Every structure is written in structure tokens, then in C-alpha cells.
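In case you want the letters, here they are:
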Amino acid sequence: MSFDTISVIGLGYVGLPTAAAFASRRKRVIGVDTNQHAVDTINRGAIHIIEPDLGRVVTDAVRQGLLRAVSQPQPADAFLIAVPTPFQHDHEPDLSYVKAAVLSLAPVLEPGCLVILESTSPVGTIEQMAGWLAVARPDLTFPHQAGEAADINIAYCPERVLPSKIMVELIKNDRVIGGMTPCCSARAAELYRIFLEGECVVTNARTAEMCKLTENSFRDVNIAFANELSVICAEQQINVWELIALANRHPRVNILQPGPGVGGHCIAVDPWFIVAQNPAQARLIRTARQINDDKPDWVVEKVKAAVADCLNDSGRGSSDVIIACFGLAFKPDIDDLRESPALYVTELITRWHRGQTLVVEPNVDVLPTSLDGLVTLADRDHALATADVLVMLVDHHQFRALAPSAIRQRWIVDTRGVWR
Ligand code: SAJ
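All of the points below concern the structure found in this document. Predicted, not measured: the structure shown is a model, and the values here were computed from it.

1. Points about the overall build of the chain
Inference 1: The helix and strand tally for the chain stands at 15 helices and 13 strands.
Inference 2: Against the 2.2 N^0.38 benchmark of 22 Å for 420 residues, the chain shows a C-alpha radius of gyration of 24 Å, consistent with a compact globule.
Inference 3: Dimensions of the chain, computed from C-alpha atoms along their principal axes, come out at roughly 80 × 50 × 40 Å.
Inference 4: Across the 420 residues in the chain, those meeting the buried criterion constitute 54%.

Here it is, written out as C-alpha cells:
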């Protein structure tokens, strides 16, 4: 069965670009989202998220009648699920969005349909998903029941795109395809080849699920190594960025960069899925998570020490000291504040600092509610002219571009090595 109509469930940072990519290859695409604002915005040909090049592709697709958004699934030849998989308070994965998406599409499934899960998920989710569908649709057969002869094909094909480069990475990156049977994998590969320039690499569903978790855990562990080095180097009065640059001259050493912690909704979350399923074995992965999660508190201690020095030297009262925090986003040159260590550090500062706190974040116009009334959104030059203590949290290009002569402050906590 060919793929004339493709449905993407979840129109966020992954689902909407994927829907747009299929539509740009002249496929009919039905996007589904429970967020009515997202549905209305997309149907106007606009986008509700910030991502380079996405707006143009969505506008074209909607104008040509190839992409439309709805709030309930409709019949299609293939369904791709790209909904969030956060964790709960105990770090256990929360599959409620995946389950809701699966159950919402069950009524419109027909023999020959392909169902793909793209959301980052713990090992075994695809088998669980097939079980939910089998209960919802006893009139159809699924791969765990009928193997290659099943009415419905199911595969796990994780997304791997980097926010801010999604429209390029979606097309160019290789795609791991984990079908429940070889036939499921073959059909999933056929679907992605509609827009994919990278390779489709076929494996089984469990390996594909673990592969996604492994990629993000690898990065988390490596960032933890850099963050641990930064704490050690502070004790030893060594510049960690110089140290890493020197060590990376070795042909087999490639250390990542320390920062105020690890943010976003992927790298700070996904390793916990491995830990939750393998608590006794995942020792390094858990420790890396803890090292990265502890880093914001360490940064706040450095800010407290800088303010104490400033008070000693200037003889002023603590309420006269102005702190300026540079950056709130979870990484450079984006507006996404989810799980942002920079935001967390700023929140912690406002809990003890008695003086004014300025925030410079060129990518947002409105402060998050957690900072409402506690800080002042300031422009870069005003903050540099008035603040006593500078806290560099996110190396946005506007901050990297600053000449050293623009910075007169003596008290600087630079978590990104920009103003070293
Ligand atoms: N970070 C550092 N030091 C570094 C690199 C990153 O502190 O050297 C921090 C960033 O500042 C940020 C966090 O790590 O707070 C995560 O940023 P990131 O750029 O490493 O990754 P994400 O979360 O934007 O996207 C990741 C990507 N995964 C990998 O690179 C293995 C992306 O390909 C995935 O598709 C995405 O997670 C996802 O959706 O899972």
C-alpha cells in the first residue's frame, strides 16, 4: 500500500517539521494536535514555535492544500506519533501522552496502516503500544500476534534532530528504523525515503529504542565529564577552557564544554529512562545526571562568593549590589527556556539576593512567571553599564561578540568561558 495520506500526531518541535517535510514532497499530510492554538496557527499558514526555515515550508504546504491541522485523528495510510515523553517526579518515564495518542488513532486504523512512534521512549514501549492497539481494535491483527501477516505494521523510528538545525538534520541525518517485523521496517524505511537524504538503518524495535536513549546519554555523560573538570579546575585555580582546548589537541581526546548545567527536554531527561529500567547497572549514567543537575547550585555558590567579595571591597550594603544574569535559554541562540539551568540559576539568585537582579535575554520579550516582579529584563549595554556582578549563563552570539574592553566589572562568574 502506498503512502498517499500521512498523519503526524503531535505538532511540536519534531512533529511539525516532519509533517512539513512530507508535505514539501507533495504528500497529503494531516497534522493532529490537542492544542487548539497550534491547530489554528498552522491552518493560517503560520507556526507556533521558533525554528529556522520551518515557517516558510509550513506556509507553502498550507497554501497548496497539502498540510492541514486537526484536533482528532482522521484516516491515513501512515501515522507518526511525536508527542512528549517527560518523566515523573521519581524520574520514571511518563507514557501518558503516547498512550493517549495511540488510543486516539485506534478508531481510524484500517488494514494496511503503518504506525510509527518517534517519541523518545523506554525499551519495550513499542510492544506496549501494540498491546494497547490490540485491545482497542480486536477486529485487526498486530505484529506481536500475526508477525509478517499482521493487518497493521508498527515501528519505532526515533527523531534525532538538533533544535535550531531541525530542517537540515531531519533530511540529512541517518534514521534508525526499528520495526516489530522485517516487513514493518521495510515499510517504515519506504515512508522516510519520501524526504530522507540520509540512510535508513534497520534494526529491531528494542535496539532502536535503546539507541535513542544511548545517544543522549552519551552526550550527557560527556558533558558531565566537562562539568566535573570545571569544578576540579576551580579548586586548582586552572582555567578549564584553556585546559580542555589543550587536551583536545591530543588526536584521541574530544572533551565537550562545561556550562551552568544541562537543560532542554531531551538530554536532561532521557538518561533517566535507562536508569529507571536498570537501577543497579546504570551507575555511570546516573552519576552523570547527578553531576549535571548539581552544577546550577555550584554556580549559585560562586555568585554568592562574588557578591561577598564585592561587598567587602566596596563597603556597600547588600541591597545596593546589582547582579546581571546573561541568558535564560537552555542553550545559545534559541528562545526555549524548558529545563533551562540558566533560568534555574537566576531563580535561585532571586531567592537570596537583596539587591536588584537584571536579566539580559535577547531571545525573549516576556519573562517567565517564575521571575515575575523579581528581576528586570534589561538590554545588554544597560546591564554592562550598571551591574556590579556579571553572571554569564548562555553564550548567545550577542554576548560572544562583546569586546573585552566593554566589560569593566571585577566580579564575574562566567559559566561558559566567554569572558575569560
Ligand atoms: N551542553 C553543554 N556543553 C556542551 C554541549 C551541550 O553544557 O558541550 C548543554 C547545552 O547548553 C544544553 C544541553 O547541554 O543545556 C543540551 O544541548 P544539546 O545541544 O547538547 O542538545 P539538545 O537537547 O538541543 O538536542 C539533543 C541532541 N542529541 C545529541 O546531540 C545526542 C539532538 O540530536 C536530539 O535529537 C535531541 O537531543 C532530542 O530531541 O533528543
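2. Describing the sheet that holds strand β3 (residues 67-70)
Inference 1: Read from one edge to the other, the open sheet built from eight strands follows the order β3-β2-β1-β4-β5-β6-β7-β8, with strand pairing classed as mixed. Bordering the open sheet on either side are β3 and β8 (200-204), each of which pairs with just one other strand. Averaged over all pairs of adjacent strands, the angle between their axes in this sheet comes to 25 degrees, without regard to strand direction.
Inference 2: As defined by bridge partners, strand β6 (residues 153-156) adjoins strand β7 (residues 175-179) across two bridges and the pair is classed as antiparallel. Bridge assignment links Tyr-156 to a residue of β7, and that residue is Gly-178.

3. Side note on the nonpolar core
Inference 1: Residues Leu-67, Ile-116 and Leu-191 are the most contacted members of the largest nonpolar core, which totals 44 residues.
Inference 2: Element by element, the count of residues in this core is highest for helix α1 (residues 15-24), at six residues.
Inference 3: Apart from the residues lying within four places of it in its own chain, the contact partners of Ile-116 are Phe-79, Leu-80, Ile-81, Ala-155, Cys-157, Ala-188, Leu-191 and Tyr-192.
Inference 4: Cys-113, Phe-142, Ile-152 and Tyr-156 belong to the second-largest nonpolar core, a separate cluster that totals 33 residues.

4. Re the sheet that holds strand β12 (residues 389-392)
Inference 1: Spatial ordering of the open sheet is given by β11-β10-β9-β12-β13, a layout of five strands whose pairing is parallel. Each end of this open sheet is capped by a strand with a single partner; those strands are β11 (376-377) and β13 (411-414).
Inference 2: Two strands pair when backbone bridges link them, and β12 and β13 are joined in this way by four bridges, in the parallel orientation. Across the sheet, Val-389 pairs through a bridge with Trp-411, a residue of β13.

5. Concerning the site of the ligand
Inference 1: Contacts to the ligand come from 20 residues, most closely from Glu-159, Val-161, Lys-212, Arg-219 and Phe-330.
Inference 2: Taking Asn-216, its side chain carries an N or O atom lying 2.7 Å from an oxygen atom of the ligand.
Inference 3: Note that an oxygen atom of the ligand is positioned 2.9 Å from one of the backbone N or O atoms of Gly-263.
Inference 4: In the complex, the protein chains occlude 89% of the 770 Å² of accessible area that the ligand would expose alone.
Inference 5: The leading source of residues in the shell around the ligand is helix α9 (residues 205-236), at five residues.
Inference 6: Of the residues belonging to the shell around the ligand, the class tally is nine nonpolar, three polar and eight charged.
Inference 7: Both of domain 1 (5-198) and domain 2 (259-414) provide at least three residues apiece to the shell around the ligand.

6. What about the packing of helix α4 (residues 96-105) against helix α5 (residues 125-136)?
Inference 1: Running from N to C, α4 and α5 cross one another at 35 degrees; their axes reach a closest spacing of 10 Å. Regarding α4 and α5, the two cross each other, and that crossing is right-handed. Each of Val-98, Lys-99, Val-102, Leu-103 and Leu-105 in α4 lies in contact with α5, whose residues at this interface are Met-129, Trp-132, Leu-133 and Ala-136.
Inference 2: A class-by-class count of the residues in the contact of α4 with α5 yields eight nonpolar, no polar and one charged.

7. Some points on the environment of Phe-273
Inference 1: Considering the arrangement of structural elements, one finds Phe-273 in helix α11 (residues 270-277).
Inference 2: Looking at Phe-273, the relative accessible area reads 0%, which means it is buried.
Inference 3: Excluding its chain neighbours within four sequence positions, the residues that come into contact with Phe-273 are Thr-85, Pro-86, Phe-87, Pro-93, Thr-120, Ser-121, Pro-122 and Leu-213.

8. A short note on the packing of aromatic side chains
Inference 1: Counted according to the given criterion, the structure contains four aromatic pairs.
Inference 2: Centre to centre, the rings of Tyr-192 and Phe-195 are 6.3 Å apart; their planes meet at 90 degrees, and the pair counts as edge-to-face. Phe-195 carries the same exposure label as Tyr-192, and that label is buried.
Inference 3: Here the aromatic rings of Phe-326 and Phe-399 are separated by 5.1 Å at their centres, their planes lie at 85 degrees, and the arrangement is edge-to-face. Separated by 73 residues along the polypeptide, Phe-326 in strand β9 (residues 323-326) and Phe-399 in helix α15 (residues 397-400) bring together distant segments of the chain.

9. Observations concerning the pattern of salt bridges
Inference 1: One pass over the structure, following the stated rule, counts 16 salt bridges.
Inference 2: We note a salt bridge from Arg-206 to Glu-127, for which the minimum N-O separation is 3.4 Å. Of this pair, Arg-206 sits in helix α9 while Glu-127 sits in helix α5, and the two are 79 residues apart along the sequence.
Inference 3: A relative accessible area of 43% means that Arg-206 is categorised as partly exposed.
Inference 4: Residue class for Glu-127 comes out partly exposed when judged on its relative accessible area of 40%.
Inference 5: For the salt bridge of Arg-160 with Glu-215, the shortest nitrogen-to-oxygen distance reads 2.4 Å. Taken together, the residues span a long stretch of sequence, with Arg-160 in the loop between β6 and α7 (166-172) and Glu-215 in helix α9 at a distance of 55 residues.
Inference 6: Because the salt bridges share partners, they merge into one network encompassing Asp-220, Arg-289 and Asp-293.

10. Description of the side chain of Ser-121
Inference 1: Along the chain, the position of Ser-121 falls in the loop between β5 (114-117) and α5.
Inference 2: Looking at Ser-121, the relative accessible area reads 0%, which means it is buried.
Inference 3: Looking at Ser-121, its side chain comes within polar contact range of the main-chain oxygen of Ser-119, at 2.8 Å.
Inference 4: Other than its neighbours up to four places away in sequence, Ser-121 contacts Thr-85, Tyr-156, Glu-209, Leu-213 and Phe-273.

Scoring rules and cut-offs
Residues numbered from 1 in each chain as written. Predicted model: local features only at pLDDT ≥ 70, side-chain atom pairs only at ≥ 80, totals over all residues. Heavy atoms only, no water. Helix = DSSP H or I, 4+ residues; strand = E, 2+ residues; numbered from the N terminus. Rg over C-alpha atoms; globule rule 2.2 N^0.38 Å. Buried < 20%, exposed > 50% of the residue type's maximum accessible area, 1.4 Å probe, protein only. Pairing = 2+ DSSP bridges. Axes fitted to C-alpha atoms, helices over the stretch in contact; angles between N-to-C directions. Core = buried A, V, L, I, M, F, W, Y, C linked by side-chain atoms within 4.5 Å. Contact = heavy atoms within 4.5 Å. Near = heavy atom within 4 Å. Polar contact = N/O pair within 3.5 Å; in protein donor to acceptor, adjacent residues only side chain to side chain. Areas by Shrake-Rupley, 256 points an atom, 1.4 Å probe, with all protein chains shown as cover. Nonpolar A, V, L, I, M, F, W, Y, C, P; charged D, E, K, R; others polar. Domains from an automatic or database assignment. Left-handed = near helix turned anticlockwise from the far one by under 90°. Phe/Tyr/Trp six-rings, centres within 6.5 Å; stacked < 30°, edge-to-face > 60°. Salt bridge = Lys/Arg side-chain N within 4 Å of Asp/Glu carboxyl O.

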